[in-house]
Amino acid sequence: MTKDTQAAIQFSHVDYQSDGTEILHNITGWFPKKRITTLVGPSGAGKTTLFRLCNGLISPDSGEIYIDDKKISSYEPVELRRKVGIALQSAKMVPGTVRKNLALSFELQGKEMPIDTAEEMIRLVGLDESFLDRNAKDLSGGQRQKVSIARTLVMKPEILLLDEITSSLDRVSQQEIEELIVKINETYGTTIMWITHNLRQALSIGEYTWVMMDGELVETGESSLLKEPQNARVQTFVKGESE
Ligand SMILES: Nc1ncnc2c1ncn2[C@@H]1O[C@H](COP(=O)(O)OP(=O)(O)OP(=O)(O)O)[C@@H](O)[C@H]1O
């Protein structure tokens, strides 16, 4: 992709190993600020591991990651967690109300969540305020995913990492979440990085795409590259996923 905007996150020759096995190899690339970029690739390609590097859960063995042109290692953990929010497919809830779940990040910092923040975020994700007092265990899969996104958004992250958040949802809920992702990006200018197995989503929602395979970044650019990939392995992957 041409560098017409600033990078929110930049990888420079990043390697990551676990128990002596190389999981990510020489990753060099960037995620444009305030845009939606999808990450696609076969299972085990290293996409989730890349996310864990981005929010500081793990650190590279070599190479460097920059967030807003500043080395990731120079961020305080609390500052990094606030800047980079993450929502996962499992959307695990703690026992109790939706409000309690939304307040988790504040609680961890010994703060109280402002009432209007909870209301703003629950409305943003398309649920009405009565949901705040519902028990999280009674939510449907789609509602739980929306609450999980709202829970990440309460800290107003500049960068939002979404890991396969629509894979277990029905078509209608998927579409609602897709619309929500676009709305978050437009409302707050949030940089969004979105792992998805769904190439239709990558083509229609994500402006840019990273294609990862076997721990490497094999193709990157505007999402339209998925229509005519240059790399033979990507061609095979795209063909397989579209059948
Ligand atoms: N903590 C770990 N220890 C050892 N191996 C790991 C660890 N975490 C991930 N791996 C391995 O690293 C590789 C990449 O895993 P990762 O979960 O990042 O891939 P992925 O692209 O997100 O896959 P999926 O689409 O299935 O979620 C896999 O082979 C996985 O088994």
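The structure presented is a predicted model; accordingly, all values stated were derived computationally and were not measured.

When helices and strands are tallied, the protein shows nine helices and 10 strands. A compact globule built from 243 residues would reach a C-alpha radius of gyration of about 18 Å, and the protein, at 18 Å, matches this within 12%. Expressed as lengths along the three principal axes of its C-alpha atoms, the size of the protein is roughly 50 × 45 × 35 Å. Looking at the protein residue by residue over its 243 residues, the buried ones come to 37%.

Every residue lining the ligand is accounted for by Ser18, Asp19, Ile23, Gly41, Ser43, Gly44, Ala45, Gly46, Lys47, Thr48 and Thr49. Considering every element that reaches the shell around the ligand, the biggest residue donor is helix α1 (residues 47–54), with three residues.

Below, the discussion takes up helix α5 (residues 115–124). For α5, the full list of buried residues reads Ala118, Met121 and Ile122. Viewed end-on, α5 has its buried residues packed into an arc of 100°, placing them on one side of the element. Against the buried residues of α5 lie α3 (98–102) and α6 (141–153).

Time to look at the pairing of strand β9 (residues 208–213). In terms of burial, β9 is largely enclosed, as five of its six residues are buried. Pairing analysis gives four bridges linking strand β3 (residues 36–40) to β9, with the strands arranged parallel. What sits directly across from Thr37, in β9, is Tyr208. Summarising the sheet, β9 and strand β10 (residues 216–222) pair through six bridges and their orientation is antiparallel. Residue pairing for β10: Val211 is matched across the bridge by Glu219. Counted along the chain from β9 to the antiparallel partner β10, the turn is two residues long, and its residue Asp214 has a positive phi close to 45°.

Moving on, we get to helix α7 (residues 171–188). In a regular helix each residue adds 1.5 Å, so 18 residues correspond to 26 Å; α7 covers 26 Å between its end C-alpha atoms and thus fits that length. On its buried face, α7 sits against β3, α6, β7 (159–163) and β8 (191–195). Just downstream of α7, Gly189 is the residue with a positive phi angle, here 65°.

Ordered by their spatial adjacency, six strands build an open sheet running β6-β7-β8-β3-β9-β10, and the pairing between neighbours is mixed. The open sheet terminates on both sides in strands that have one partner only, identified here as β6 (84–88) and β10. On average, adjacent strands in this sheet sit at an angle of 15° to one another, irrespective of strand direction. Contacting β3, β7 and β8, α7 runs over the sheet at an angle of about 160° to β8.

Moving on to the packing of α6 against α7. For the pair α6 and α7, the least separation of the axes is 10 Å and the interaxial angle reads 15°. Taken together, the axis directions place α6 and α7 in an arrangement best described as roughly parallel. The handedness of the crossing between α6 and α7 is right-handed. Listed contacts from α7 to Gly141, Gly142, Gln145, Lys146, Ile149 and Leu153 of α6 are Ser173, Glu176, Ile177, Leu180 and Ile184. A per-class count over the contact of α6 with α7 returns five nonpolar, four polar and two charged.

To continue, consider the sheet that holds strand β2 (residues 21–32). Pairing within the open sheet is antiparallel, and its four strands lie in the order β2-β1-β4-β5. Of all strands in the sheet, those with a lone pairing partner are β2 and β5 (70–71), marking the two edges. Pairing of strand β1 (residues 7–18) with strand β4 (residues 62–67) involves five bridges; the strand directions are antiparallel. Within the sheet, the bridge partner assigned to Ile9 lies in β4 and is Ile67.

Here we take up the confidence of the model for the protein. In the predicted model, the protein carries a mean pLDDT of 92, and the fraction of residues at 70 or more is 98%. Of the two predicted TM-score estimates for the complex, the pTM is 0.91 and the ipTM is 0.90.

Definitions and limits used
Residues numbered from 1 in each chain as written. Predicted model: local features only at pLDDT ≥ 70, side-chain atom pairs only at ≥ 80, totals over all residues. Helix = DSSP H or I, 4+ residues; strand = E, 2+ residues; numbered from the N terminus. Rg over C-alpha atoms; globule rule 2.2 N^0.38 Å. Buried ≥ 20, exposed ≤ 12 C-beta atoms within 10 Å, placed from the backbone. Near = placed C-beta within 6 Å. Arc of directions from axis to C-beta. Contact = placed C-beta atoms within 7 Å. Pairing = 2+ DSSP bridges. Expected span 1.5 Å × (residues − 1). Axes fitted to C-alpha atoms, helices over the stretch in contact; angles between N-to-C directions. Parallel < 35°, antiparallel > 145°, perpendicular 65-115°, else oblique. Left-handed = near helix turned anticlockwise from the far one by under 90°. Nonpolar A, V, L, I, M, F, W, Y, C, P; charged D, E, K, R; others polar. pLDDT = per-residue confidence, 0-100.

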